[in-house]
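Geometric and topological summary
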Amino acid sequence: MAHKKGQGSSRNGRDSNPSYLGLKVADGQSILAGTIILKQRGTKIHPGINVRRANDDSLFATENGVVRFGRKGRDRKIVTVVTEN
């Protein structure tokens with residue numbers, strides 16, 4: 001019997017955290033600037049007015065307001081933030 005563990009098992013102790021994708025804010029909910037609206041891979045939903053896309057394709061608000069989901073044309077889904085002016 002071996003008195004030491006195999007080389008592989010002592011080096012494999014790391015794992016990455018899961019990526020929690022999906023909507024973080026509902027339609028009609030009021031949010032602050034900088035709040036993440038949704039996390040996604042690719043651009044399944046595109047940014048609209050007062051919304052920007054992060055490097056990992058997340059969408060976040062650039063202004064305070066109310067979140068609205070909709071469509072641009074027949075097939076492109078967008079999310080916008082309507083300001084309360």
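Okay, so let's go over this structure. Because the structure is a prediction, the values reported are computed rather than measured.

1. Some thoughts on the side chain of T80
Among the secondary structure elements, T80 is positioned in strand β8 (residues 76-82). Under the relative-accessibility criterion, T80 is labelled buried at 16%. Among residues more than four places away in sequence, those in contact with T80 are G48, I49, V51, V66, V67 and R68.

2. Here's the deal with the pairing of strand β7 (residues 65-72)
Examined bridge by bridge, strand β2 (residues 30-31) and β7 share 2 bridges and lie antiparallel to one another. In the strand pairing of β7, I31 is matched with G65. As paired elements, β7 and β8 share 7 bridges and run antiparallel to each other. Note on β8: the bridge partner recorded for G70 is I78.

Reading the values: rules and limits
- Residues numbered from 1 in each chain as written.
- Predicted model: local features only at pLDDT ≥ 70, side-chain atom pairs only at ≥ 80, totals over all residues.
- Heavy atoms only, no water.
- Helix = DSSP H or I, 4+ residues; strand = E, 2+ residues; numbered from the N terminus.
- Buried < 20%, exposed > 50% of the residue type's maximum accessible area, 1.4 Å probe, protein only.
- Contact = heavy atoms within 4.5 Å.
- Pairing = 2+ DSSP bridges.

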